[in-house]
Amino acid sequence: MRDRVWVVTDSTGGIGLETARILVEEDAHVVTCGRSQAPRVGEALHVSADLSEPAAPQSVIDAAREALGPVDVLVNNVGTAYIARFDDLTDPQWDAMWQLNVMSYVRAIRAVLPGMCERRSGSIVNVSSTAGKRPSTGMPNYSVTKAAVLSLSRLVADVYARDGIRCNAVTPGPTATEAWLGEGGLADQQGDREDILAKVAAGRPLGRLAEPKEIAAVIAFLCSDRAGFVTGAAWSVDGGTVPIII
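Just so you know, the residues in each chain are numbered from 1, in the order the chain's sequence is written. Given that this is a predicted model, residues contribute local features only at a pLDDT of at least 70 and side-chain atom pairs are listed and counted only at 80 or more, while totals for whole chains, interfaces and linings are drawn from all residues. In computing side-chain values, all of the structure's heavy atoms are included and hydrogens and water are not.

**Examining the packing of aromatic side chains**
Two aromatic rings are characterised by how far apart their centres lie and by the angle between their planes. Quick note on the threshold: Pairing of aromatic side chains here covers Phe, Tyr and the six-membered ring of Trp, requires ring centres within 6.5 Å, and sorts the geometry by plane angle: under 30 degrees stacked, over 60 edge-to-face, intermediate tilted. Burial classes follow relative accessibility: with a 1.4 Å probe on protein chains only, a residue under 20% of its type's maximum area counts as buried, one over 50% as exposed, and anything between as partly exposed. Under the scheme used here, helices are H or I runs from DSSP no shorter than 4 residues and strands are E runs no shorter than 2 residues, and both carry numbers assigned from the N terminus.
Summed over the entire model, instances satisfying the criterion amount to 2 aromatic pairs. Residues phenylalanine 86 and tryptophan 94 carry aromatic rings whose centres are separated by 6.1 Å and whose planes lie at 75° to one another, so their mutual orientation is edge-to-face. With relative accessibility at 58%, the residue phenylalanine 86 sits in the exposed group. Classification of tryptophan 94 by relative accessible area gives partly exposed; the value is 24%. Ring geometry for phenylalanine 221 versus tryptophan 235: centroids 5.5 Å apart, planes at 55°, classification tilted. Of this pair, phenylalanine 221 sits in helix H8 (residues 212-223) while tryptophan 235 sits in strand S7 (residues 234-237), placing them 14 residues apart in sequence.

**Description of the nonpolar core**
Selection rule: Among buried residues, those of type Ala, Val, Leu, Ile, Met, Phe, Trp, Tyr and Cys that are joined through side-chain atoms within 4.5 Å constitute a nonpolar core. In this description, contact between two residues means that some pair of their heavy atoms is separated by no more than 4.5 Å.
Counting residues in hydrophobic clusters, the biggest one holds 51 residues, and the most contacted among them are Val7, Leu51, Leu74, Ile124 and Ile219. Of the residues forming this core, the biggest block, 8 residues, is contributed by helix H3 (residues 91-119). Aside from chain neighbours lying at most four places away, what touches leucine 51 is Thr9, Cys33, Ala56, Pro57, Val60, Val78, Gln99, Leu100 and Ser104.

**Focus on the environment of cysteine 223**
In this fold, cysteine 223 is placed in helix H8. Sequence-wise, cysteine 223 and methionine 1 are 222 residues apart; in three dimensions their C-alpha atoms are separated by 8.3 Å.

**Concerning the packing of helix H2 (residues 56-68) against H3**
For the record, the criterion: All axes here are fitted lines through C-alpha atoms, helices being fitted over the stretch that makes contact, and every angle between N-to-C directions spans 0 to 180 degrees. Here a crossing is taken to be left-handed if its near helix is turned anticlockwise relative to the far helix by less than a right angle, and right-handed if that turn runs clockwise. Ten residue types, Ala, Val, Leu, Ile, Met, Phe, Trp, Tyr, Cys and Pro, are classed as nonpolar, four, Asp, Glu, Lys and Arg, as charged, and the remainder, Gly among them, as polar.
Between H2 and H3, the shortest axis-to-axis distance is 8 Å and the interhelical angle comes to 35°. Read as a crossing pair, H2 and H3 show a hand that is right-handed. Contacts from Pro57, Gln58, Ile61 and Arg65 of H2 reach H3 at Ser104, Arg107, Ala108, Ala111 and Val112. When grouped by side-chain class, the residues that make up the contact of H2 with H3 number 5 nonpolar, 2 polar and 2 charged.

**Observations regarding the pattern of salt bridges**
What counts, and what does not: Here, a salt bridge means any side-chain nitrogen of Lys or Arg that lies within 4 Å of a carboxyl oxygen of Asp or Glu.
Per the counting criterion, the structure on display carries 12 salt bridges. Glutamate 214 serves as the salt-bridge partner of arginine 208, at 2.8 Å between the closest nitrogen and oxygen. Residue classification places arginine 208 among the partly exposed positions, given a relative accessible area of 40%. Connected through shared salt-bridge partners, Arg85, Asp87 and Asp88 make up one network.

**Here's the deal with the pairing of strand S1 (residues 5-8)**
The test is simple: By this definition, two strands are paired if DSSP reports at least two bridges between them. If the strands point away from the viewer and the path from the first strand over the helix to the second runs clockwise, then the crossover is right-handed.
On S1, burial covers both faces: Val5 and Val7 on one face and Trp6 and Val8 on the other are all buried. Sheet topology note: the S1/strand S2 (residues 29-34) ladder contains 4 bridges and is parallel. Considered in S2, the bridge of valine 8 is made with threonine 32. The parallel pair S1 and S2, bridged by helix H1 (residues 14-25), forms a crossover whose chirality is right-handed.

**Regarding unusual backbone geometry**
The backbone phi angle of aspartate 10 is positive, close to 50°, even though this residue is not glycine. With respect to the helices and strands, the residue aspartate 10 is situated in the loop between S1 and H1. Judged by its relative accessible area of 26%, aspartate 10 falls in the partly exposed class. In the Ramachandran plot, arginine 40 falls in the positive-phi region, its phi being about 60° despite a non-glycine side chain.

Following this line, the structure appears as structure tokens:
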């Protein structure tokens, strides 16, 4: 990881922040981005951006390239989720989530591909979800977008393997971030926060929510040379939540 240029989207909190922190500790040149201010974990560059806007992913990659050189690794982590009934969701809600959870990934990948292809080297990790493998009935549009991320990851892996580019996905289960723990978050949206969190934890074979650093550690591994023969995979980091063996 040392001296390589990494772009981690939505890296001002949660899984993205812990990923950036791990990479900085490994002497990587880390570019953070998001709507919030710089996380100040030792990043080489922070780019403020709303990645739901069509031009934003390209602008983040361009800023990274101009400041630090070609991007070696891309971690697509940005996303949003909320509780809803399938028949209550409107077209604008579907479209808004698709733009952030899927198209921001497509656009960021498209932005790094020319440089990676030219160097015949690169690694991409896309953060999906257990809901991409087994849909959550309480998060319909989120589940569909996260399934699309799995398909996108496999597609990029297949198309660009001979260009020396690896692409993998991780599928976290419920994780102890603001998305679940925060005021108005996924737990609050379903009832009493503490009761919901206890039920969610009990539904994992390991009996708890993941810690963000546990997801980040798998992301860092998949991007590293130690995973040099891993591509097209969807790594479950869910405490045994999804009962499948592949």
